[in-house]
Amino acid sequence: MKKNKKLLFLSSLDISGNRACSDGVTKKILLEIKTFRELGYSVEYIVRIDGKVYLVKNDGQKTELTYYDGVFYKTMARVYKVLRGSYETPNVIYVRYEGNSIEMWRFLAKMKRSHHNIKIIAELPTYMGKWEQGASAKSKLAFIIHRLTDVTYRMPIDYMVTFDNHNKIFGYKTIQIENFADVAALPVKNHLEDTNGTFNILAMAMMTPSHGFDRIIKGIYEYYKKGGKRKICLHLVGTGAVESEWLDLARNLNVSDSVVSHGLMYGNSLDDLFDICHVGSGALAIFRKKCKKASELKIREYTARGLPFFYSAEEPQIAHEKFCLRIPNDESPVDIQSVLYYYDIVMQTGAYNKMHQFALENFSCLSQLNEVLIKSGLQ
């Protein structure tokens, strides 16, 4: 392990308020920073806090770089100008890749010129082969423009980290890893006795069409239509563009009593909800954006907490595990009766008891980021 090396972590994420507790992506970025330090790097990072952009030093000291004016790429352009003028070259720049910009290119190019051995690694959170289903004409145009920019306007990136199975993305060589969670920090759920006969399904997301929870709502409708007797309740945790559409769908299908929207949750409230839920749901429609393989953060959290779950996209790490159920990866309603049957088997066999240990062995941030360092020649 190389010691006393400097890494700059770039992200446009806003970690204001409770986001560091409630938002999975925020928690993941903070975990990555912590893990790079454990791997021997002095880490500084760019982040937004309460509408301002800061450079945070390894010791936690913050330097304000600019005010957030509502157009973050414009703001980041100013940030990169500031950094380009004075920032000491690090050994590694790790970028949470959210698109191209001229100023970002200029900053990265200057870093490359200053230190030829520097490694610039970009992590692509999600590779989308197509815009989200139901996207507006404006969103589709923006997607096309960004994609053309990604492909034709190349930045000096050495590797693109991906959870997908592409050998190249936008012409950059990839390092393929799996998603991860802070497993040791997540409490294992209590499997409470079912006192009211309700079967509770947990669905967490920053809700977009690709999460596909409308498939569960339609599945609940079909379950009751076919004479299903057990009370089913879908618990939606998070916010997003299509949440209102899903609630409207539940009303139109007359199953509103079976869908509860909690908004953002964290801490003890979220722990309590995990305790009463029987199963969790992964994203059920990433095929809507032309993806086949997933490496979902929430699935890793479900596993760490010991909550059995169902999912639909390819997830190689869990493909043969007994504590989860893969359902068809298409537009069909979720077969609730099959989920109930699966849950009974998991509880009878005790497969849920192995989940936390499995997560510790397979979903560690340390092992995945160490893989990035090895494959990029930094370890």
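Keep in mind that this is a model prediction, so the values were computed, not measured. (Residues numbered from 1 in each chain as written. Predicted model: local features only at pLDDT ≥ 70, side-chain atom pairs only at ≥ 80, totals over all residues. Heavy atoms only, no water.)

Asker: Is there a simple way to think about the pairing of strand 5 (residues 92–96) in this case?
Answerer: A regular strand places its side chains on the two faces of the sheet in alternate fashion. The buried fraction of strand 5 amounts to five of the five residues, a majority that puts the element mostly inside the structure. Both faces of strand 5 are covered, namely the face carrying V92, Y94 and R96 and the face carrying I93 and V95. Across four bridges, the pairing between strand 1 (residues 5–14) and strand 5 is parallel. Each residue of the ladder has a partner; that of L7, found in strand 5, is V92. (Buried < 20%, exposed > 50% of the residue type's maximum accessible area, 1.4 Å probe, protein only. Helix = DSSP H or I, 4+ residues; strand = E, 2+ residues; numbered from the N terminus. Pairing = 2+ DSSP bridges.)

Asker: What am I meant to see in the pattern of salt bridges here?
Answerer: Side chains that differ in sign of charge can pair as their charged atoms come close. Summed over the entire model, instances satisfying the criterion amount to 19 salt bridges. Between R96 and E123 there is a salt bridge whose closest N-O contact spans 3.8 Å. With R96 in strand 5 and E123 in strand 6 (residues 119–123), the pair connects residues that are 27 residues apart, well separated along the chain. For R96, a relative accessible area of 12% puts it in the buried group. The class of E123 is buried, set by a relative accessible area of 1%. In this structure, D214 engages R288 in a salt bridge whose closest nitrogen and oxygen atoms are separated by 2.9 Å. Pair noted here: D214 is in helix 6 (residues 214–225) and R288 is in the loop between strand 13 (279–281) and helix 9 (297–305), with a separation of 74 residues, a long-range link. Owing to a relative accessible area of 8%, D214 belongs among the buried residues under this scheme. Residues joined in a network through salt bridges with shared partners are K6, E44, K57 and E88. (Salt bridge = Lys/Arg side-chain N within 4 Å of Asp/Glu carboxyl O.)

Asker: Honestly, empty space enclosed by the protein in this entry has me stumped. Any pointers?
Answerer: The method is simple in principle: a probe with the dimensions of a water molecule rolls over the atoms, and the space it marks as empty is what remains. What the rule picks out here adds up to two cavities of 30 Å³ or more. Its boundaries defined by the atoms lining it, the second largest cavity holds a volume of some 50 Å³. Lining the second largest cavity are F9, S11, L13, I15, T26, I29, L30, I33, Y45, I46 and V47. Put simply, the parts of the chain that give the lining of the second largest cavity at least two residues each are strand 1, helix 2 (24–38) and strand 2 (41–49). In terms of residue count, helix 2 provides more of the lining of the second largest cavity than any other element does, four residues in total. Here the residues of the lining of the second largest cavity are counted per class, giving nine nonpolar, two polar and no charged. (1 Å grid on protein atoms, 1.4 Å probe; cavity = no way out; pocket = protein on both sides within 12 Å on 5 of 7 lines; lining within 4 Å. Points joined across faces, edges and corners; volume = space filled by probe spheres on them. Nonpolar A, V, L, I, M, F, W, Y, C, P; charged D, E, K, R; others polar.)

Asker: Before we go on, may I ask you to explain the side chain of S281 in this structure?
Answerer: Along the polypeptide, S281 turns up in strand 13. If sequence neighbours within four positions are ignored, S281 has contacts with I201, L202, A203, F213, I216, K298, Y302 and F310. (Contact = heavy atoms within 4.5 Å.)

Asker: I tried to follow the confidence of the model for the protein on my own but got confused; where do I start?
Answerer: Detailed reading of the predicted coordinates is not advisable wherever pLDDT falls low. Averaged over all residues, the pLDDT of the protein equals 85, while 85% of them reach at least 70. Predicted confidence for residues 18–22 stays below pLDDT 50, and this span has 13 contacts to residues more than four positions away or in other chains. (pLDDT = per-residue confidence, 0-100.)

Asker: Help me understand the environment of I336, please; the structure alone is not making it clear to me.
Answerer: Following the sequence through the fold, I336 ends up in helix 10 (residues 336–349). Here I336 falls in the buried class, since its relative accessible area comes to 2%.

Asker: I keep staring at the packing of helix 6 against helix 10 and nothing clicks. Help me out?
Answerer: Geometry of a packed helix pair, given as the angle between the helix axes and the separation of the axes. For the pair helix 6 and helix 10, interaxial distance at closest approach is 8 Å and the crossing angle is 90 degrees. Comparing their axes, helix 10 and helix 6 come out roughly perpendicular. For the pair helix 6 and helix 10, contact is made by G219, I220 and Y223 and by I336, Q337 and L340, respectively. Of the residues contributing to the contact of helix 6 with helix 10, the split by class is four nonpolar, two polar and no charged. (Axes fitted to C-alpha atoms, helices over the stretch in contact; angles between N-to-C directions. Parallel < 35°, antiparallel > 145°, perpendicular 65-115°, else oblique.)

Asker: It is not clear to me how the environment of N353 should be interpreted in this structure. Could you clarify?
Answerer: Mapped onto the elements, N353 comes out in the loop between helix 10 and helix 11 (355–362). Expressed as a C-alpha distance, the spacing of N353 and P308, which sit 45 residues apart in the sequence, is 9.9 Å.

Asker: Looking at this model, I keep getting lost on the environment of K119. Mind explaining?
Answerer: Among the structural elements, K119 can be located in strand 6. It is 6.3 Å that separates the C-alpha atoms of K119 and D158, two residues lying 39 residues apart in sequence.

Asker: Even after reading the chapter, I still don't get the side chain of R300, so can you show me in this structure?
Answerer: Here R300 lies in helix 9. On the basis of relative accessibility, which here comes to 0%, the residue R300 falls in the buried class. Polar contacts involving the side chain of R300 include one to the side chain of S295, which spans 3.3 Å. Residues contacting R300, with those up to four places away along its chain left out, are E178, N179, F180, A181, S295, E315, Q317 and F363. (Polar contact = N/O pair within 3.5 Å; in protein donor to acceptor, adjacent residues only side chain to side chain.)

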